[in-house]
Amino acid sequence: NDPDRGKDEMMYTSNAQNWYKALSRRNKETHDPFDDKRMRQARDKLVGLNISTDLVFLIAEEKFAKATAADQDPKIKEEMLNDALEEFNNLEKQSKLYERALVYVGRCYFELGQYDQAVKAMADFKKYVDRAAPPGTADQRKNRTIALAQHSFWLAEIYLKQDKFDEALKVLEGFEDLYST
């Protein structure tokens, strides 16, 4: 029982995530196929080693961002959104970003134009949060707050797309007081 083992594993995981993030940033800046390949290789290796469930979230978030880029071909956008949706749905509950992934599930359906599914996904998120244990650490509280704020904002957006203006206003009631810093 080595007391430093857990610290070493946390440091290794953090370094691995930072490595992937650096490659991802470089890829976004250069749009070079070589950089994209290196980033994907790093991602696949880290996921294969099961280093971090948070990395799965970051990958899905990256796919979502690419899919919702303004100049995206509709057919490619749909494929990418479905890929992101699958990634978000497969995120392990132990991930500190699991609740945020549940919100992204609703956002994927929103972007796909499946508004009823988006509302259902947002309701599933809310049920999950209502049943979940209160967050214990500052990091957990921060992620819960972000997820709740995103949930309210995007649920209102969905209702607006469905011309349910009263529902959208009800969701946003008190938003600024709850989520302003």
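All values derive from a computational prediction rather than experimental measurement.

Parameters and conventions
Residues numbered from 1 in each chain as written. Predicted model: local features only at pLDDT ≥ 70, side-chain atom pairs only at ≥ 80, totals over all residues. Heavy atoms only, no water. Phe/Tyr/Trp six-rings, centres within 6.5 Å; stacked < 30°, edge-to-face > 60°. Helix = DSSP H or I, 4+ residues; strand = E, 2+ residues; numbered from the N terminus. Buried < 20%, exposed > 50% of the residue type's maximum accessible area, 1.4 Å probe, protein only. Contact = heavy atoms within 4.5 Å. 1 Å grid on protein atoms, 1.4 Å probe; cavity = no way out; pocket = protein on both sides within 12 Å on 5 of 7 lines; lining within 4 Å. Points joined across faces, edges and corners; volume = space filled by probe spheres on them. Nonpolar A, V, L, I, M, F, W, Y, C, P; charged D, E, K, R; others polar. Expected span 1.5 Å × (residues − 1). Arc of directions from axis to C-beta. Salt bridge = Lys/Arg side-chain N within 4 Å of Asp/Glu carboxyl O. Core = buried A, V, L, I, M, F, W, Y, C linked by side-chain atoms within 4.5 Å.

All right, on to the packing of aromatic side chains then. The tally for this structure, following the rule as stated, stands at nine aromatic pairs. Geometrically, the ring pair formed by tyrosine 98 and tyrosine 128 is edge-to-face, given 5.1 Å between the ring centres and 65° between the ring planes. Of this pair, tyrosine 98 sits in helix H5 (residues 98-111) while tyrosine 128 sits in helix H6 (residues 115-131), placing them 30 residues apart in sequence. For tyrosine 128, a relative accessible area of 26% gives the class partly exposed. Geometrically, the ring pair formed by phenylalanine 153 and tryptophan 154 is edge-to-face, given 5.1 Å between the ring centres and 85° between the ring planes.

Its location among the elements puts valine 129 in helix H6. Counting along the chain gives 18 residues from valine 129 to alanine 147, while the straight-line C-alpha distance between them is 9.5 Å. Every residue in contact with valine 129, bar those within four places of it in the chain, is listed here: Glu99, Arg144 and Leu148.

Further remarks concern the layout of surface pockets. In this structure, the largest pocket spans a volume of roughly 250 Å³. Lining the largest pocket we find 15 residues, and of these Ser95, Lys96, Glu99, Gln140 and Arg144 sit closest to its centre. Those elements that place two or more of their residues in the lining of the largest pocket are H5 and helix H7 (138-161). For the lining of the largest pocket, the element with the most residues is H7, which contributes three residues. Residue classes in the lining of the largest pocket are distributed as six nonpolar, five polar and four charged.

With 17 residues, H6 should cover 24 Å at 1.5 Å per step; its first-to-last C-alpha distance of 24 Å lies within 8% of that length. Regarding H6, the residues found buried are Ala118, Ala121, Met122, Phe125 and Val129. When H6 is viewed along its axis, its buried side chains cluster within an angular range of 100° and face the same direction. More than 90 degrees from the buried face of H6, the exposed residues found are Asp116, Asp130 and Arg131.

Among the secondary structure elements, asparagine 143 is positioned in helix H7. Assessed through its relative accessible area of 5%, asparagine 143 is described here as buried. In contact with asparagine 143, other than residues within four places in its own chain, are Lys96, Leu97 and Arg100.

We now examine the pattern of salt bridges. What the rule picks out here adds up to 12 salt bridges. Residues lysine 170 and glutamate 167 are paired through a salt bridge, measuring 3.8 Å at the closest nitrogen-oxygen approach. On the criterion of helical spacing, the pair formed by lysine 170 and glutamate 167 is a turn pair, its members being three residues apart in helix H8 (residues 165-172). Given the relative accessible area of 54%, lysine 170 is considered exposed. Given a relative accessible area of 32%, glutamate 167 falls into the partly exposed group.

Another aspect to go through is the nonpolar core. Counting residues in hydrophobic clusters, the biggest one holds 33 residues, and the most contacted among them are Phe57, Phe64, Phe88 and Phe125. Counting only elements with at least two residues in this core, the list comes to helix H3 (53-67), helix H4 (74-89), H5, H6 and H7. Tallying contributions element by element places H5 first for this core, with nine residues. Setting aside residues up to four positions removed in sequence, phenylalanine 64 forms contacts with Leu81, Ala84, Phe88, Tyr104, Arg107, Cys108 and Glu111. Counting residues in each nonpolar core, the second largest holds eight residues, with Ala16, Ala42, Leu55 and Ile59 among its members.

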